[in-house]
Amino acid sequence: MNSFTREKLEKRIGLLVLPLIGGAIVVALWAVASSTVATSLPSPSRTWEASRLYVMEPFEKRGELDQGILRFTWYSLTRVAKGYVIAILLGTPLGFLLGMSNFFRASFDPIVQILRPVSPLAWLPLGFVLFHKPEPAGTFTIAMCSMWPTVLNTALGVRSVPQDYLNVAKVLKLSKLKTLVKVMVPAAMPYMFTGFRLSLGIAWLVIVAAEMLTGAPGVGGFLWQEYNSLIYEHIILCILTIGIVGFVLDRMMGLVEKRLRTG
Amino acid sequence: MAILELEQVHKSFGTTHVLSDVSLSVEPGELVAIVGFSGAGKSTLMALLSGLSKPDQGRVLFKGKPVEGPSPERGVVFQNYSLLPWLSAFENVELAVREVFSKDSRNAQRERVARYLEMVGLTYAKERRPAELSGGMRQRVALARALAIEPEVLLMDEPLSALDALTRATLQDEIERIARVSGKTILLVTNDVDEAILLADRIVPLSAGPEATLGAPTPVEIARPRDRRAMNHDPHFRKIRASITDYLLETQRVRRARSAANRRVAAESALPVESPA
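The structure presented is a predicted model; accordingly, all values stated were derived computationally and were not measured.

About the thresholds
Residues numbered from 1 in each chain as written. Chains lettered and ligands numbered in written order. Predicted model: local features only at pLDDT ≥ 70, side-chain atom pairs only at ≥ 80, totals over all residues. Heavy atoms only, no water. Helix = DSSP H or I, 4+ residues; strand = E, 2+ residues; numbered from the N terminus. Rg over C-alpha atoms; globule rule 2.2 N^0.38 Å. Buried < 20%, exposed > 50% of the residue type's maximum accessible area, 1.4 Å probe, protein only. Contact = heavy atoms within 4.5 Å. Areas by Shrake-Rupley, 256 points an atom, 1.4 Å probe, with all protein chains shown as cover. Lys, Arg positive; Asp, Glu negative; His and termini not counted. Charge placed at Lys NZ, Arg CZ, Asp CG, Glu CD. Pairing = 2+ DSSP bridges. Axes fitted to C-alpha atoms, helices over the stretch in contact; angles between N-to-C directions. Salt bridge = Lys/Arg side-chain N within 4 Å of Asp/Glu carboxyl O. Right-handed = clockwise from strand over helix to strand, strands pointing away. Buried area = accessible area lost by both parts, 1.4 Å probe. Polar contact = N/O pair within 3.5 Å; in protein donor to acceptor, adjacent residues only side chain to side chain. Nonpolar A, V, L, I, M, F, W, Y, C, P; charged D, E, K, R; others polar. Core = buried A, V, L, I, M, F, W, Y, C linked by side-chain atoms within 4.5 Å.

Engineer: Quick rundown of the overall build of chain A? Include the residues and the values.
Structural biologist: Helix and strand counts for chain A stand at 10 helices and 2 strands. Going residue by residue from the N terminus, the α and β elements of chain A occur as α-α-β-β-α-α-α-α-α-α-α-α. Here the C-alpha atoms of chain A give a radius of gyration of 23 Å, more than 25% beyond the 18 Å that 2.2 N^0.38 yields for 263 residues. Each of the three principal axes of chain A carries a C-alpha extent, and together these read 70 × 65 × 35 Å. Residues classed as buried in chain A amount to 41% of the 263 residues present. For chain A, contacts bridging at least 24 residues in sequence account for 64% of all contacts bridging at least 6. Summing over all exposed atoms, chain A offers an accessible surface of approximately 15,000 Å²; the carbon and sulfur share of this is 71%. For chain A, the distance from the average site of its 25 positive side-chain charges to the average site of its 15 negative ones is 14 Å.

Here's what the structure looks like:
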């Protein structure tokens, strides 16, 4: 009992302390690099000095281009949310069709495989052509890029529904719709959520590119603007913010996913 | 009139002839056990009776009419329980009840679910999901689900084969009791000769596959309720057990001898023919 709790405690300390050590090593390397080989790279201390205001007053709005980092993050998140919701609303039914119908799969799977690896930088101009305005073009790009993991995982989930469950539905003579709602959707749910999680990761990845090219206010837009204003410290601030937000989003989705799996 | 009939049924998967010339007739209220080796085609036979698959030749008749597909009139207890893991025990039964008794009020439906869960002794575990139930408890839920839709025929596909000996004995008694009380027609597929003798009115052996077929039915004339321990000394019980076991082993021996002979023929014909010098 005693040794068990001690083991657990040691494990927990390891989980907390080791990442801090890893982080410290990277910051040290960064400091050394910025003072030796890469002198144009802002040092950690200069980055902190320049970013302080943006981090300490994260929701402040001092002007259109000068806002707290979390305020910018919020703009980006709302933009991502729009594209992501569209991606899920389109991707899930598409995944079900691909998973349920061999005819549909044979017809459309090649197209999906071709569109899947297309870069956001390629979709964005098409978005401009279609919608004439930067906002919907960005939303379009996020939706087009982040949809595919949802489509493919949903299709896989539907194909993986055990025949036993479908036999139960058949013996009860459930209608097609009821079989879908009561058996297939719940059975495919864990796969669908894996897709949703991967899609969210991609949506967040795309936002930076979309904001850079559209000049919309957000973390990505801020990053590009500060690059043009030669305030390189803020590029690092933005990179760290994007990384942390992406990490938190993924963890949140991971928690939901875990719940569904055990459920 | 027979409630369930198989008329010279053949079923193949690819080039494997699983069932060959299978005929069977089950009377209403009868408990018939089909006994055979694992892999002989028992589950295939069940799928045909339930309507989940169709025979290549011959007919499957339910109340004199050809079976077109699965239907709740023929309830199935699947070998691996087939409970939906995201639903509780109660909800698993409820799903079936709401579908089959869709005209009843919600209260009547719930009351029915509760009644059948009580019948299998699971009222205390009704909120648990399948993952939180033992194998025996899962099988009870599956049994409750099959019974709750009040099928005219209950098809049980090796319902107890995955259970330990003690749970198995308990559930055998339960099936015995339910069969006696409800008077339902039950078709039980099993690989356990003793189980068949304990439960069935009539035992039909399924010969070793491939091309498995049903042997001569043996009536079990032992008074109910049957006592597992006393039965071991009953000469009639011993006679049935010996005759069915002998039949099954004999069919297996014949099959093996035949396939060995086939291999020999194949090997000989594959030998290069030497031309005389």
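Engineer: Would you mind going over the environment of Thr213(B) in detail, with residue names and values included?
Structural biologist: Residue and element names in this part refer to chain B. Structurally, the position occupied by Thr213 is in the loop between strand S9 (202-206) and strand S10 (218-219). Here the alpha-carbon distance between Thr213 and Asp21, two residues 192 residues apart in the chain, equals 6.2 Å. Setting aside its immediate chain neighbours within four residues, Thr213 contacts Ser20, Asp21, Val22, Pro205, Leu206, Ser207 and Tyr247.

Engineer: For the sheet that holds strand S5 (residues 65-66) of chain B, give the residues involved together with the corresponding values.
Structural biologist: Residues and elements named next belong to chain B. Reading across from one edge, S2-S1-S4-S5 is the order of the 4 strands in this open sheet, with antiparallel pairing throughout. Of all the strands in the sheet, the pair left with one neighbour each is strand S2 (16-26) and S5. For strand S1 (residues 4-13) and S2, the ladder comprises 7 bridges, and the chain directions are antiparallel. Counterpart to Phe13 in the pairing with S2 is Thr16. Sitting on the sheet, helix H1 (residues 42-50) touches S1, S2 and strand S4 (57-62), and the angle it makes with S1 is about 125 degrees.

Engineer: An account of the pattern of salt bridges is requested, with residue identities and associated values reported.
Structural biologist: Per the counting criterion, the structure on display carries 21 salt bridges over all chains. Among the salt bridges present, the one from Glu158(B) reaches Lys42(B), with a minimum N-O distance of 3.1 Å. Of this pair, Glu158(B) sits in the loop between strand S7 (153-157) and helix H5 (165-182) while Lys42(B) sits in helix H1, placing them 116 residues apart in sequence. Notably, a salt bridge pairs Arg168(B) with Asp192(B), separated by 3.5 Å at the nearest N-O pair. Taken together, the residues Arg168(B) in helix H5 and Asp192(B) in the loop between strand S8 (185-190) and helix H6 (193-199) connect sequence positions 24 residues apart. When salt bridges with common partners are traced through the structure, they connect Arg79(A), Glu135(A) and Glu211(A) into a single cluster.

Engineer: Could you give an account of the pairing of S8(B), naming the residues involved and the relevant values?
Structural biologist: Residue and element names in this part refer to chain B. Among the 6 residues of S8, 6 are classified as buried, and the element is accordingly described as predominantly covered. Residues Thr185, Leu187 and Val189 line one face of S8 and the alternating positions Ile186, Leu188 and Thr190 line the opposite face, and both faces are buried. Bridge count between strand S3 (residues 31-36) and S8: 5 bridges; the pairing is parallel. Opposite Ile34, over in S8, you have Val189 as the bridge partner. Once the chain exits S7 it traverses H5 before rejoining the sheet at S8, and the crossover so formed is right-handed.

Engineer: Now, about the interface of chain A and chain B: what can you tell me, with residues and values included?
Structural biologist: At the interface, 15 residues of chain A touch 20 residues of chain B. Taken over both partners, the interface formed by chain A and chain B buries close to 1,600 Å², and the fraction arising from carbon and sulfur atoms is 70%. For the pair chain A and chain B, the number of links is 1 salt bridge. In this structure, the salt-bridge partner of Glu99(B) is Lys178(A), at a minimum N-O distance of 2.9 Å. The interface formed by chain A and chain B contains 2 residue pairs in polar contact (both at pLDDT 80 or more). If you list the elements that add at least two residues to the side of chain A that touches chain B, you get helix H7 (163-171) and helix H8 (176-214) of chain A. Counted by class, the side of chain A that touches chain B contains 8 nonpolar, 2 polar and 5 charged residues.

Engineer: Mind laying out the sheet that holds S9(B), listing which residues take part and the relevant values?
Structural biologist: Residue and element names in this part refer to chain B. Strand order in this open sheet of 6 strands is S6-S7-S8-S3-S9-S10, and the pairing throughout is mixed. Looking along the sheet, the strands with just one partner apiece sit at the ends: strand S6 (74-77) and S10. Where S3 meets S9, 5 bridges bridge the pair, whose relative direction is parallel. The residue of S9 that forms the bridge with Val35 is Pro205. Strand contacts of H1: S3, S6, S7, S8 and S9, with the helix running at about 155 degrees to S7, the strand carrying the most contacts.

Engineer: Hey, could you go over the nonpolar core for me, with residue numbers and the actual values?
Structural biologist: Counting 88 residues, the largest nonpolar core has Ile34(B) and Leu187(B) as the members making the most contacts within it. By residue number, the principal contributor to this core is H8(A), which donates 13 residues. Filtering out sequence-adjacent residues up to four positions away, Ile34(B) remains in contact with Leu24(B), Lys42(B), Leu45(B), Leu187(B), Leu188(B), Val189(B), Thr190(B), Val204(B), Leu206(B) and Leu214(B). Judged by nonpolar contacts, the second largest core, of 50 residues, contains Ala125(B), Ile175(B), Val220(B) and Ile240(B).

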